[in-house]
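# Survey of secondary and tertiary structure
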Amino acid sequence: MNVNQETDGPVQPTLEQLDTWCEQALSSASSEAREEAERRLRYFFPTFSETQAELSDAYGISSGQERVLAVFPTIKGPADAARLMTWFLHQSAKVYSQTYVVRRLRTLVLNHLGVMADDQKSALRKFLIYRCELV
C-alpha cells in the first residue's frame, strides 16, 4: 500500500497495482501471495459482509480477539464501495480484475442492496446492464 508523505495516510493504488493484486489473488501459485493480494484488495474493495470467523481465519486471529476490518478511508459504506468497484470495472480490461471485482460487487449488492438509496440502485442497475451487454 502506498503512503502519502504529506498526510501520512494511505493513497489510492494505481490501476496497475490493483490489476496485479487481482491476478495474484486468483492465479498465484503461492498461497502466501494469494492471501496477501486478497488482504490488500479487501481494503479497497470491501463487501462489509465478512463474518468474524472469516476475518479470524484470514488474519490468523484467535476467537477471543475482536477485530474490525479496515477499509480505504474514502469508503464510508456499501454505496461508496460499489462506486469504487464500478469505477475500477470501467477502467480495467484485465480478465482477472474483472472476475475478482464482479465477484466482490455481487456479494456487496446481494447483502446490502436494501441500504442503498434508489438513485444508487438505479445507477448500479444501469451499469450492470451496460456491462452485461459488452460481454
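Residues numbered from 1 in each chain as written. Predicted model: local features only at pLDDT ≥ 70, side-chain atom pairs only at ≥ 80, totals over all residues. Heavy atoms only, no water.

Along the backbone of the chain there are 6 helices and 0 strands. Along the chain direction, N to C, the helices and strands of the chain fall in the order α-α-α-α-α-α. When burial is assessed residue by residue, the chain has 36% of its 135 residues classed as buried. Residue pairs at least 24 apart in sequence account for 59% of intrachain contacts in the chain once pairs closer than 6 positions are excluded. In the form shown here, the chain has an accessible surface area of approximately 8400 Å², with 52% of it arising from carbon and sulfur atoms. (Helix = DSSP H or I, 4+ residues; strand = E, 2+ residues; numbered from the N terminus. Buried < 20%, exposed > 50% of the residue type's maximum accessible area, 1.4 Å probe, protein only. Contact = heavy atoms within 4.5 Å. Areas by Shrake-Rupley, 256 points an atom, 1.4 Å probe, with all protein chains shown as cover.)

Moving on to helix H1 (residues 15–27). Helix length check: H1, at 13 residues, gives a terminal C-alpha distance of 18 Å against a target of 18 Å (1.5 Å per residue), a fit within 8%. Taken together, the buried positions of H1 are Leu-18, Asp-19, Trp-21, Cys-22 and Ala-25. Axial view of H1: buried residues confined to an arc of 165°, hence all on one face. (Expected span 1.5 Å × (residues − 1). Arc of directions from axis to C-beta.)

Right, let's get into the side chain of Ser-28. Within the fold, Ser-28 resides in the loop between H1 and helix H2 (31–44). A polar atom in the side chain of Ser-28 sits 3.2 Å from the backbone nitrogen of Ser-30. In this view, Ser-28 contacts Glu-23, Ala-33 and Arg-34; residues no more than four positions away in its chain are not counted. (Polar contact = N/O pair within 3.5 Å; in protein donor to acceptor, adjacent residues only side chain to side chain.)

A few words now on the confidence of the model for the chain. Looking at the chain, the pLDDT average stands at 79 and 73% of residues meet or exceed 70. Helix H3 (residues 52–59) is the least confidently modelled element of the chain, averaging 47 in pLDDT, while H1 averages 97, the highest of any element. Every residue in residues 1–7 is under pLDDT 50, and counting partners more than four places away or in other chains gives 15 contacts. Here residues 58–68 scores under 50 on pLDDT; set against residues more than four positions off or in separate chains, the count is 12 contacts. (pLDDT = per-residue confidence, 0-100.)

This brings us to the packing of H1 against H2. H2 packs onto H1 with a crossing angle of 130° between their chain directions and a minimal axis gap of 8 Å. Relative to H2, H1 is oriented oblique. Crossing of H1 over H2 shows left-handed handedness. Of the residues in H2, those in contact with Leu-18, Trp-21, Cys-22, Gln-24 and Ala-25 of H1 are Ala-33, Arg-34, Ala-37, Glu-38, Arg-40, Leu-41 and Phe-44. (Axes fitted to C-alpha atoms, helices over the stretch in contact; angles between N-to-C directions. Parallel < 35°, antiparallel > 145°, perpendicular 65-115°, else oblique. Left-handed = near helix turned anticlockwise from the far one by under 90°.)

The next subject is the environment of Cys-22. Take Cys-22: it is sitting in helix H1. Since its relative accessible area comes to 0%, Cys-22 is described here as buried. Through-space distance from the C-alpha of Cys-22 to that of Arg-34 is 9.0 Å; in sequence the pair is 12 residues apart. Contact partners of Cys-22, with chain neighbours within four places excluded, come to Leu-41, Phe-88, Tyr-96, Ser-97 and Tyr-100.

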